[in-house]
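Fold and contact review
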Amino acid sequence: MTQFWNSINPFPGQHSTFASNVDAIFYFTFWLSAFFFVAIVGFMIYFVVKYRRIEGQEPETSPSHNTTIEVAWSVIPGFLVLGIFWWGFTGYVDMRSPPSEAYEVNVIASMWQWQFKYPTGAIAKELHIPVKTPVKLIMQSKDVLHSLYIPSFRTKQDVVPGRYSGMWFEATDVGVYNLFCAEYCGQKHSDMITKVVVHPVTAEDATDEVKETFDAWMEVAADPLKGPGGVVIPLEEAGKNIVEIFQCAQCHSIDGSKKVGPSFKGNFGKEVEIAGQGKVLMDENYIRESILEPTAKIRLGYEPKMPSFKGQMKDEWIDAVIAYIKSIQ
Amino acid sequence: MATDVMPAHSETSRPEDNYLTASKGIMSWLVTLDHKRIGVMYLIGTMTAMFLGGFLALLLRAEHISGTPTFFTHDQYNQLFTLHGAIMVFLFIIPSIPAALGNFILPVMLGAKDVAFPRMNLCSFYLWVIGAIFFICALLTTGLDTGWTFYTPYSTNTSQTNVVLATFGAFILGFSSIFTGLNFIVTIHTMRPPGMTWFRMPLFLWSLYATAIIQVLATPVLGITLLLLAAERMFGLGIFDPKLGGDPVLYQHFFWFYSHPAVYIMILPAMGIISELISTFSRKPIFGYRFIAFSSMAIALLGFLVWGHHMFTSGQSEMVTIIFSVLTFSVSIPSAIKVFNWLATMYKGSIVLATPMCYALSFLFLFTIGGLTGLFLGALATDIHLHDTYFVVAHFHYVMMGGTLVAFIGGLFYWWPKMTGRMYNEFWGQISSLIVFVAFNLTFFPQFVMGSRGMPRRYYNYLPEFQVYHVLSTIGAFLLGFGLLLAAIVLIVSLFKGKKAPANPWGAATLEWQCGSPPPLANFEKTPTVGNPYDMNSVVWDPDTESFIRRGDVPPVTD
């Protein structure tokens, strides 16, 4: 039964405090529209059948206007749509009024990835938030317009380059939900999809889908050099985590194939050809410079497309990335 | 084969007199100043654009048969949806009804010999051709991948495609549209025959008049916007790009200041056609003439005040957003008035389901859905969820395609006998309207559902949960393509095999049915008698000529 309802229900599940109100407005408008639609089409079909042309028979005369009726069907729909406006407006005001004590997450959108930065310094490629806690996103774009859209939360806001835009919500259920880019942003717009992971605040609220509490997740995320429980992990492995967080693999392969940027594989310790500068040895300093000032040396045959990670990637993290790249031979 | 059944006293019995045969040779068409020939050339041009845009749409839908790469790459997909939108909007929908049907019908309906400025009219057509060439060049060289909206800063600093070429194309097409609008305003003001007061004008003319006002007032803003965009892209002027100190939201304001009123350039003439069709095929005067006429003007004026509803999530100020929301609802009222009045026109009528009427009833059904789903998008809280999803895609296709295109085809079938002098096959015409109606709903209704479930628009790949709706939509799209092709075949076949058309096959009382089919070069030998355009009792069926003729006025045109 539940399955049947899900397949015809026009909405994804309601998982934020806004969702039930948005759906209520939707259904109210839907049933009002359905009423008018059925009435209009019903009369149309009835008239077509009842008043079909019979040869040689002129139609009986009927008035060509009736001011009372015409004013009535102009004014009454006017009041109905004003009602819809009012309800939609109050719901909107809630969406745009974040409570002052909301948990803040910085969002950086770029072609074609999301990055989420936390007050603890943690960086993630998925949005991790605690359940039943107001969360405020402070969003910026590095390049073109993007739009952060979470259907299960019924909320969306454009991310505009050159300014901060904000949105807030409160997730009501632990779980993993889709997060889309909704504003067309070029080639891989449709791949700019990630997840919202809503973590339980306490261990007893954990589900099979999301087992970690928000604090437990944060402890690991805040320091990619350490594993769960604060255990120190090998530098290579930490480097792999960091490469994962910054989504380096979007442009750099680990199997030697050419993507937007050169592959990580098999280049370390070798001479590489730089556009206009001859050959350069790819060593630790080269990698470090490429991360912090990517346009200083452009590999021959590639476009200067890489953004700088200065101020985002800490020195110890760069060490780990270097260790990881060294390990891919 | 053509039969010899001809209206005995009609002008068409002397073929050298009609506009198609008055002069011969390709040059007699290319440099013609006759509004009818220009209308026919516009018709051929816009229909070609429609089939090209429709072909691109089928490629898009084919790609969506699965959520993973199927036939095209990311870049090819982005170019397909951009060119589908740009071609359909700029080359087809905006010029289709005013410039093709309007050019042909407006002067004849007005009892005039031509439009006020015939040379400007020809110039408008050639601007359309030049604009189309720019678009085709963009298509054939690098494509275009910005979306038809050219949103900055993607269009100015990132896209590798030929944005400047395409914006110049749209710029030139804008002038083509302004010229048509200006011509129509002057023609309607100055060339109405004696006795045709404003409130004796057919409603199609009211709708073209309202449309022309928007064309003249709104289109220059698009022109300036596209010039600024090209200047930023070519010379790095900082207008919209924040890296150069510009503001990308400003571009959206400029763009929609034109492009929202442009929505009414697309739908108002369609509403005008429907007013004519419903009245004629119900054999009844239109109900509430003045309310319909005023609602066209109200839509034209209110249409200028609601552009911000395309930007509810853009980051414009909350107060502005709320004001645009309430203004948006105000524009729904005149549209509702028209629908109710059309229904009331059918009441106690004498309704015949000829092909144009089948399309008109399709329009009523589809436009009602298109209009009502607009309420979900005008309401702020629901729009935040639905914005930039397939719900919006479905909504505007119900209005633009279910509305404008269906009305355009209905109008084309209605005036076809007048334009070509041939009757089309009624049975196959009706079948085409049925296929178009069913296939249209199959194509676009699933898009409402997937949009509500969160499927964003302009997505090359999609998540597996949306596949069932995409597959339904794709099947519908191919069926729809077939239906439209059938309609085109029915019309083209009629040119060769159709019965000769009488002057007034439908029994309409507007002036264009008083001249022969096709009309003579000068439309009317003498200024026709003007009466109530919807007084159906003024015409009666005449079995001798197999045409409707004016009561007590045999033959219909000549003395």
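Chain B carries the name Cytochrome c oxidase subunit 1 in an unreviewed UniProt entry, which gives Rubinisphaera italica as its organism. Under Pathway (unreviewed entry), UniProt gives the following word-for-word description of chain B: "Energy metabolism; oxidative phosphorylation."

The name given to chain A in an unreviewed UniProt entry is Cytochrome c oxidase subunit 2, and the organism recorded there is Rubinisphaera italica. The record held by UniProt for chain A lists under Function (unreviewed entry) the comment "Subunits I and II form the functional core of the enzyme complex. Electrons originating in cytochrome c are transferred via heme a and Cu(A) to the binuclear center formed by heme a3 and Cu(B)." UniProt, in the comment section headed Catalytic activity (unreviewed entry), describes chain A in these words: "4 Fe(II)-[cytochrome c] + O2 + 8 H(+)(in) = 4 Fe(III)-[cytochrome c] + 2 H2O + 4 H(+)(out)".

1. Observations regarding the packing of aromatic side chains
Scanning the entire structure with this criterion turns up 80 aromatic pairs over all chains. Between phenylalanine 153 of chain A and phenylalanine 169 of chain A the ring centres are 5.0 Å apart and the planes differ by 50°, which places this aromatic pair in the tilted class. Placement of the pair is phenylalanine 153 of chain A in the loop between β6 (146-150) and β7 (155-159) and phenylalanine 169 of chain A in strand β8 (residues 165-170), with a sequence separation of 16 residues. Taken together, the ring pairs connect Phe11, Phe26 and Tyr27 of chain A together with Phe376, Phe391, Tyr398, Phe440, Phe444, Phe445 and Phe448 of chain B into an aromatic cluster. The residue whose ring lies beneath arginine 192 of chain B is tryptophan 198 of chain B, and the NZ or CZ to ring-centre distance is 4.4 Å.

2. Let's talk about the interface of chain A and chain B
Contact residues are listed per partner, giving 82 residues for chain A and 89 residues for chain B. For the pairing of chain A and chain B, the buried interface totals around 7300 Å² over both sides, and the portion due to carbon and sulfur atoms is 67%. Summed over the shared surface of chain A and chain B, the result is one salt bridge. Arginine 163 of chain A serves as the salt-bridge partner of aspartate 247 of chain B, at 3.1 Å between the closest nitrogen and oxygen. Viewed at the interface, chain B and chain A are joined by 24 residue pairs in polar contact (both at pLDDT 80 or more). Of all the secondary-structure elements, those providing two or more residues to the side of chain A that touches chain B are α1 (2-8), α2 (19-50), α3 (67-95), β7 and β9 (175-181) of chain A.

3. A few points about the packing of α2 of chain A against helix α11 (residues 355-378) of chain B
Closest axis-to-axis distance for the α2 of chain A/α11 of chain B pair is 10 Å, and the angle between their directions is 165°. Classified by the interaxial angle, the pair formed by α2 of chain A and α11 of chain B is roughly antiparallel. In this structure, α2 of chain A crosses over α11 of chain B, and the sense of that crossing is right-handed. Residues Phe26, Thr29, Phe30, Ser33, Phe37, Ile40, Val41, Met44 and Val48 of chain A of α2 of chain A form the contact with α11 of chain B, whose own contacting residues are Leu361, Leu364, Phe365, Thr368, Ile369, Leu372, Leu375 and Phe376 of chain B. Among the residues making up the contact of α2 of chain A with α11 of chain B, the classes are represented as 14 nonpolar, three polar and no charged.

4. Let's talk about empty space enclosed by the protein
Residue and element names in this part refer to chain B. Tallying each qualifying case throughout the model produces four cavities of 30 Å³ or more. Estimated volume of the largest cavity: approximately 120 Å³. What lines the largest cavity is a set of 17 residues, and nearest its centre among them are Phe90, Ile94, Pro95, Leu173 and Ser177. Breaking the lining of the largest cavity down by element, the ones donating at least two residues are α3 (74-109), α6 (163-190) and α7 (203-235).

5. Here's the deal with the side chain of aspartate 542 of chain B
All names here are of chain B. By the secondary structure assignment, aspartate 542 is in strand β1 (residues 539-542). At 2.8 Å, the side chain of aspartate 542 forms a polar contact with the side chain of threonine 545. Dropping the residues within four chain positions of it, aspartate 542 is found in contact with Ser547, Phe548 and Ile549.

6. Focus: the pattern of salt bridges
Residue and element names in this part refer to chain A. Under the counting rule described, the total for this entry stands at ten salt bridges over all chains. Its salt-bridge partner being arginine 154, residue aspartate 23 comes within 2.7 Å of it at the nearest N-O pair. Here aspartate 23 is found in helix α2, whereas its partner arginine 154 is found in the loop between β6 and β7, with 131 residues between them in sequence. For the residue pair aspartate 23 and arginine 154, the accessibility class agrees, reading buried in each case. Between glutamate 244 and lysine 125 there is a salt bridge, with its nearest N and O atoms 3.5 Å apart. In this pair, glutamate 244 is assigned in helix α5 (residues 235-245) and lysine 125 in the loop between β3 (123-124) and β4 (127-130), connecting sequence segments 119 residues apart. Classification of glutamate 244 as partly exposed rests on a relative accessible area of 46%.

7. Brief notes about the UniProt feature "domain: Cytochrome oxidase subunit I profile" (unreviewed entry) in chain B
According to UniProt, the positions carrying the feature "domain: Cytochrome oxidase subunit I profile" (unreviewed entry) are residues 29-531 of chain B. With 70% helix and 0% strand, residues 29-531 of chain B has its two end C-alpha atoms placed 34 Å apart.

8. A few points about the UniProt feature "domain: Cytochrome oxidase subunit II copper A binding" (unreviewed entry) in chain A
UniProt's entry tags residues 100-220 of chain A with the feature "domain: Cytochrome oxidase subunit II copper A binding" (unreviewed entry), counted in the numbering of this structure. Across residues 100-220 of chain A one finds 6% helix and 47% strand; the C-alpha atoms that close the span lie 27 Å apart.

What counts and how
- Residues numbered from 1 in each chain as written.
- Chains lettered and ligands numbered in written order.
- Predicted model: local features only at pLDDT ≥ 70, side-chain atom pairs only at ≥ 80, totals over all residues.
- Heavy atoms only, no water.
- UniProt positions renumbered as here; feature names shortened; annotations may be inferred.
- Phe/Tyr/Trp six-rings, centres within 6.5 Å; stacked < 30°, edge-to-face > 60°.
- Helix = DSSP H or I, 4+ residues; strand = E, 2+ residues; numbered from the N terminus.
- Lys NZ or Arg CZ within 6 Å of the ring centre and 35° of its normal.
- Contact = heavy atoms within 4.5 Å.
- Buried area = accessible area lost by both parts, 1.4 Å probe.
- Salt bridge = Lys/Arg side-chain N within 4 Å of Asp/Glu carboxyl O.
- Polar contact = N/O pair within 3.5 Å; in protein donor to acceptor, adjacent residues only side chain to side chain.
- Axes fitted to C-alpha atoms, helices over the stretch in contact; angles between N-to-C directions.
- Parallel < 35°, antiparallel > 145°, perpendicular 65-115°, else oblique.
- Left-handed = near helix turned anticlockwise from the far one by under 90°.
- Nonpolar A, V, L, I, M, F, W, Y, C, P; charged D, E, K, R; others polar.
- 1 Å grid on protein atoms, 1.4 Å probe; cavity = no way out; pocket = protein on both sides within 12 Å on 5 of 7 lines; lining within 4 Å.
- Points joined across faces, edges and corners; volume = space filled by probe spheres on them.
- Buried < 20%, exposed > 50% of the residue type's maximum accessible area, 1.4 Å probe, protein only.

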